[in-house]
Amino acid sequence: MKQRSVDALDFHTSIAIEFDQSYCYDSNRLERLKIWKAYLAKYASGADLAYDLGCGSGAITSLLAQYAKRVIAIDGAEGMLAVARKNAAACGLSDRIEFRQSRLPIPGQVTLPRADIVISSSAIEYMDSVPDALAFARSLLKKQGTLIFSMSNRASISRKLVRAVHGVTGRPEYIRYLQHFVTLADLEQYLEVGGFTPVEFSYFGGADRFNRFLAPLLSSSRANNMILIAARPRE
């Protein structure tokens, strides 16, 4: 019998515990929590329902649940969901978060309640199609809702170097599964086509030593690995 090839979900299941632990010490992960917390405080406060698409180990999900009354967190990686459930319980948030396992975007006609906010932290870049991912997110949003998501920044110097190293060595392994690297202009174009209006954006992922060295020399777009953007459906 032919073995099924390893995909992004298998990979993330295999690294779930290590990935979650990195939020305790990795400078870029800690920066990620800080900037997401600021955006969630601004856009998610008082939300009746929120979705976290590609919730991973639940670090951002738990932040979201501090602001939204109810959260539906979806991920396709079984190992990540197992860690996320434990984290939610440890934070006393299990009653506010419903975890569901599914590949994203969920294919076909899906009947899910519309939410005030939909977020996706560095998950859309692993999906086959950015337009399909945004269309799915839009289908989950109320008319006045907010979408917030982050993706890998193609303009980042350190991203370019990491991709070059991966091309030679195959390391780091996660690069193998990343399907999309974008610029801010790319994101704005995707949002325009998808029926969204951008509201706010930030660069982040520049807290490591290499990017801190580059920061005084380069623009934010070149000294940060990630882009975070908030947008609303266009009427």
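See the structure above.
Residues numbered from 1 in each chain as written. Predicted model: local features only at pLDDT ≥ 70, side-chain atom pairs only at ≥ 80, totals over all residues. Heavy atoms only, no water.

Draft legend 1. How the structure looks around the nonpolar core. Tyr51, Leu53, Val118, Ile124, Leu134, Leu147 and Phe149 are the most contacted members of the largest nonpolar core, which has 31 residues in total. Only β1 (50-53), β2 (71-75), β4 (115-121), α6 (130-140), β5 (141-152), α8 (184-193) and β7 (226-233) provide two or more residues apiece to this core. With six residues, the top contributor of residues to this core is α6. Not counting residues up to four positions away in its chain, the partners in contact with Leu53 are Ile74, Leu104, Val118, Ile119, Ser120, Ser121, Ala123, Phe136, Ala137 and Leu140. Counting 30 residues, the second-largest nonpolar core is a separate cluster that includes Tyr39, Ala47, Ala68 and Ile117. (Core = buried A, V, L, I, M, F, W, Y, C linked by side-chain atoms within 4.5 Å. Buried < 20%, exposed > 50% of the residue type's maximum accessible area, 1.4 Å probe, protein only. Helix = DSSP H or I, 4+ residues; strand = E, 2+ residues; numbered from the N terminus. Contact = heavy atoms within 4.5 Å.)

Draft legend 2. Main features of the pairing of β1. Because side chains alternate across β1, one face comprises the buried residues Ala50 and Asp52, and the other comprises Tyr51 and Leu53, equally buried. Relative to β2, β1 runs parallel, the two being bridged by four bridges. Pairing of Asp52 across the sheet is with Ala73, part of β2. Following the backbone out of β1, through helix α4 (residues 59-65) and into the adjacent parallel β2, one traces a crossover that is right-handed. Sheet analysis places β1 next to β4, joined by three bridges and oriented parallel. Across the sheet, residue Tyr51 finds its bridge partner in β4, namely Val118. (Pairing = 2+ DSSP bridges. Right-handed = clockwise from strand over helix to strand, strands pointing away.)

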